Amino acid sequence: MNIASLPTVALVHLLGSMADDEFVIGFSDSEWTGIAPLLEEDVAMSSLAQDEIGHAAALYGLLGELTGADPDAIAYDREPDEYRHCRLLDHGRGDWAMTIARRYLYETSDAVRLDALSGGSWAPLAHLVGKLVREERYHLMHVNAWFTRLAGTSGEPRDRLLSALEVLAPDAGTVFAPLPGEAALIETGILAAPMPELEARWRASIAPMLESHALPMPPAVVDPARGRADHGAAFAWLWGEFNAVRRSEPGAIW
Amino acid sequence: MSEWGSQVGVARARSAAALGPAPVLDVAIVRAALAEVMDPELPVLSVVDLGIVHHVSATRDGIEVSILPTFVGCPALDVIRASIAARLAIFGVPVRVEPTFEVPWTSDRITPAGRAALAAVGIAPPGREEDMRCPMCASAAVVRDGLFGPTQCRSLYYCRSCRQPFEAIKSV
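Residues numbered from 1 in each chain as written. Chains lettered and ligands numbered in written order. Predicted model: local features only at pLDDT ≥ 70, side-chain atom pairs only at ≥ 80, totals over all residues. Heavy atoms only, no water.

A. Structural view of the environment of L161 of chain A. Residue and element names in this part refer to chain A. Mapped onto the secondary structure, L161 falls in helix α6 (residues 156-168). Under the relative-accessibility criterion, L161 is labelled buried at 0%. In the structure, L161 is positioned 61 residues away from I100 in sequence and 7.9 Å away in space, judged by C-alpha atoms. (Helix = DSSP H or I, 4+ residues; strand = E, 2+ residues; numbered from the N terminus. Buried < 20%, exposed > 50% of the residue type's maximum accessible area, 1.4 Å probe, protein only.)

Structure (structure tokens):
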């Protein structure tokens, strides 16, 4: 597909939302560096964070090619309400169970989204997605192991996981919030199916795990159109953290 | 211009005509030079043995190399690009090194020589979980300690036989 026939507006929303998702979860994960409950997990969360922020950088790069904007400026120089990540990622780091619950809901959603983009008609994104899925496979193995470990025990680990799922439940499906101009992405073969259908696929994909541990399925999102807005106080704090160095010396070359 | 000078001029023009259009640099020679560029994180492995060299073209106008990042967020990528450009500078033409995801780098692109070089320094080459062997004592009594390791491309293992931790290249 050549540039002239691209559904640019819709593509900007798609790349922007995916990039912001990876960027925000990457920064949340990086908060465990140095304080994770096990040495191996300290390494794992740092490495996961590096993967996610690397994915965000590649997606911001594609976005920059479409819009002419500098990828670093897109990543760091916006106001909090201009970020388009899903609200699932707006609940603060929390405890280890919260981190595992959030990662589980996000990674399983991201897997369905990437699957719907693989083999798409816009080569730069399809090629990148082909690479991302190989890395995300490790993320899924990691989070599935931890989710099973916490859900399968009795007492405090399972109680904490349940509490975390309860907090996240209203926003669990927000990865699939409708994108402006989504229909054009489907017509041009960039995205395989509309977001509500992808959400249904995601629910089917997590049902066996949740059922096997007698955990409730998250409810439908009340206002899907606001699923990537209203980020709240926890994100405002994270935003202040991740751009602190950048703001300390605007325009500096590192 | 002297008589001698003009004769040299004529001779030069004849050589140029005999040579024809500007010759193409030999891609094989460029690839041989690339085999001397080591990966900064795994310095026993050349970029060729790591399998990240994708396309190489070489003409008198310049050399173009496309490389396949092992991981999307690989922080060593700029160092690798600079090392390649520095090594190929010897050919005296402009060098361009660009990353691409046109085909995904996969761990089975590491050459047999590359796998042997990794094992020799105690890093298990990539493979199926059930085929994993300790790179120090070759025992199969190994357990995975962590999916993630000190760099994006490595996992952590422990050998129950020789009681040593070791790293393995992720299978992607």
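B. Structural view of the layout of surface pockets. Its boundaries defined by the atoms lining it, the largest pocket holds a volume of some 990 Å³. Of all the elements in the fold, those that place two or more residues in the lining of the largest pocket are α2 (39-67), α3 (71-76) and α5 (123-151) of chain A together with α3 (77-88) of chain B. Examining the composition of the lining of the largest pocket, we find that 10 residues originate from one element, α2 of chain A, more than from any other. Among the residues making up the lining of the largest pocket, the classes are represented as 19 nonpolar, six polar and five charged. (1 Å grid on protein atoms, 1.4 Å probe; cavity = no way out; pocket = protein on both sides within 12 Å on 5 of 7 lines; lining within 4 Å. Points joined across faces, edges and corners; volume = space filled by probe spheres on them. Nonpolar A, V, L, I, M, F, W, Y, C, P; charged D, E, K, R; others polar.)

C. Representation of the nonpolar core. Counting 113 residues, the largest nonpolar core has L11, L14, L15, W122, L125 and F147 of chain A together with I84 of chain B as the members making the most contacts within it. Top contributing element to this core by residue count: helix α4 (residues 96-117) of chain A, with 12 residues. (Core = buried A, V, L, I, M, F, W, Y, C linked by side-chain atoms within 4.5 Å.)

D. Geometry of helix α9 (residues 232-242) of chain A. Residue and element names in this part refer to chain A. Among the residues of α9, those classed as buried are F235, L238, W239 and F242. In an axial view of α9, the angular spread of the buried residues amounts to 105°, which keeps them on one side of the axis. Tucked inside the fold, the buried residues of α9 contact α1 (8-30), α3 and α10 (244-248). (Arc of directions from axis to C-beta. Contact = heavy atoms within 4.5 Å.)

E. Summary view of the interface of chain A and chain B. Between chain A and chain B, the contact holds 22 residues from the first and 22 residues from the second. When chain A packs against chain B, the two sides together hide about 1900 Å² of surface, and 66% of this comes from carbon and sulfur. When the area that chain A buries against chain B is broken down by residue, the three leading residues are K131, R134 and Y138 of chain A, summing to 35%. Our count for the contact surface shared by chain A and chain B stands at zero salt bridges. Among the secondary structure elements, those contributing two or more residues to the side of chain A that touches chain B are α2 and α5 of chain A. (Buried area = accessible area lost by both parts, 1.4 Å probe. Salt bridge = Lys/Arg side-chain N within 4 Å of Asp/Glu carboxyl O.)

F. Seen up close, the sheet that holds strand β1 (residues 53-59) of chain B. Residue and element names in this part refer to chain B. The strand order across the open sheet formed by three strands is β1-β2-β3, and the pairing between neighbours is mixed. At either margin of the open sheet sits one strand with a lone partner, and together these are β1 and β3 (95-99). Direction aside, neighbouring strands of the sheet carry axes that sit 10° apart on average. Examined bridge by bridge, strand β2 (residues 62-67) and β3 share five bridges and lie parallel to one another. Counted as the bridge partner of E64 is R96 from β3. (Pairing = 2+ DSSP bridges. Axes fitted to C-alpha atoms, helices over the stretch in contact; angles between N-to-C directions.)

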